[in-house]
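Letter by letter, the chains look like this.
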Amino acid sequence: MAGRSRLPAADLARIAAFAALTAVLGLPGGFNLFGNAVPVTLQSMGPLLAGAILGSRRGALSQLLFLALVAAGLPLLAGGRGGLGVFAGPSVGYLIGFVVSAFVVGLIVERSGRRPGVHWVLVGTVAGAATTLAIGIPVQAAVQGTSLGATFVQALTFIPGDAAKAVFAGLVAAGAQRAYPDAAPAARLDRAEDRADRA
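A short tour of the structure in this document, coming up.

So, how was this worked out
Residues numbered from 1 in each chain as written. Predicted model: local features only at pLDDT ≥ 70, side-chain atom pairs only at ≥ 80, totals over all residues. Heavy atoms only, no water. Helix = DSSP H or I, 4+ residues; strand = E, 2+ residues; numbered from the N terminus. Buried < 20%, exposed > 50% of the residue type's maximum accessible area, 1.4 Å probe, protein only. Contact = heavy atoms within 4.5 Å. Areas by Shrake-Rupley, 256 points an atom, 1.4 Å probe, with all protein chains shown as cover. Salt bridge = Lys/Arg side-chain N within 4 Å of Asp/Glu carboxyl O. Core = buried A, V, L, I, M, F, W, Y, C linked by side-chain atoms within 4.5 Å. Phe/Tyr/Trp six-rings, centres within 6.5 Å; stacked < 30°, edge-to-face > 60°.

Moving on, we get to the overall build of the protein chain. Tallying secondary structure elements over the protein chain gives eight helices and zero strands in all. When its helices and strands are written in sequence order, the protein chain yields α-α-α-α-α-α-α-α. Every one of the 199 residues in the protein chain was classed for burial, and the buried ones make up 42%. Counted over contacts in the protein chain with a minimum sequence separation of 6, partners at least 24 positions apart contribute 70%. Here the protein chain displays about 9,500 Å² of accessible surface, and carbon together with sulfur accounts for 70% of that area.

Right, dumping it as structure tokens:
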């Protein structure tokens, strides 16, 4: 029973690679629009790619690994931020959203079949981007002690960029799945279920 829950070395490598990708997306830094305490960065594209390419479980694990490294003090967030202090700031809800977003994207892509069309991958990445905002905005309001309405208005500045990132991530993931169909999340899920049935 214990052996079934272990991830193969190849999956561990993929999880680590997408945690690293999320970190790399923070290298360009970020910028704050209209006084919003939460910066606009490329890092929210990391969980979209992770979920669409790795699937729900492994995508979420890649983002958990990324956040664990941040919590350990590594300056992996945009602007070189890291440490436990960032989890007490206004960005914490969006960081939690990374994990949930990757899971949501992966779940949608997995359930769309072994060879999901571009439209299903885009549905997944758009839903993932919306999930990050849905978690991030109310948590930001609570941390800052501001009204949900005022925080939502501030967060409207994220929507054009998040929409563009969702579309870009969806197109990249769809292209990767066409090039390597056996590596698609649903295909890996089918193989895992087959192995479990045989065990």
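Following the structure, the description resumes.
Side-chain pairs of opposite charge can arise where the charged atoms are in close proximity. Counted according to the given criterion, the structure contains three salt bridges. For the salt bridge of Asp 11 with Arg 14, the shortest nitrogen-to-oxygen distance reads 2.9 Å. Taken together, the residues Asp 11 and Arg 14, both in helix H1 (residues 9-24) and three residues apart, mark about one turn of the helix. Overall, the relative accessible area of 34% leaves Arg 14 in the partly exposed class. A salt bridge links Asp 11 to Arg 58, with the shortest nitrogen-to-oxygen separation between them at 2.9 Å. A residue pair is termed long-range when its members are at least 10 positions apart, and Asp 11 in helix H1 and Arg 58 in helix H3 (residues 56-71) qualify at 47 residues. Classification of Asp 11 as buried rests on a relative accessible area of 5%.

A few words now on the nonpolar core. Soluble globular proteins tend to bury their nonpolar side chains together. Leu 48 and Ala 52 are the most contacted members of the largest nonpolar core, which totals 16 residues. Every element with two or more residues in this core is listed here: helix H2 (45-54), helix H4 (92-111), helix H5 (118-144) and helix H7 (158-179). The greatest single-element share of this core, amounting to six residues, is contributed by H2. Membership of the second largest hydrophobic core comes to 11 residues, among which are Ala 60, Leu 67, Leu 77 and Val 99.

Each aromatic ring pair is characterised by the separation of its centres together with the angle its planes make. Inspection of every chain in the model, using the stated rule, returns one aromatic pair. Geometrically, the ring pair formed by Tyr 94 and Phe 158 is edge-to-face, given 5.7 Å between the ring centres and 75° between the ring planes. Linking Tyr 94 in helix H4 with Phe 158 in helix H7, this pair joins segments that are 64 residues apart in sequence. Taking the relative accessible area as the measure of exposure, Phe 158 reaches 6% and is therefore buried.

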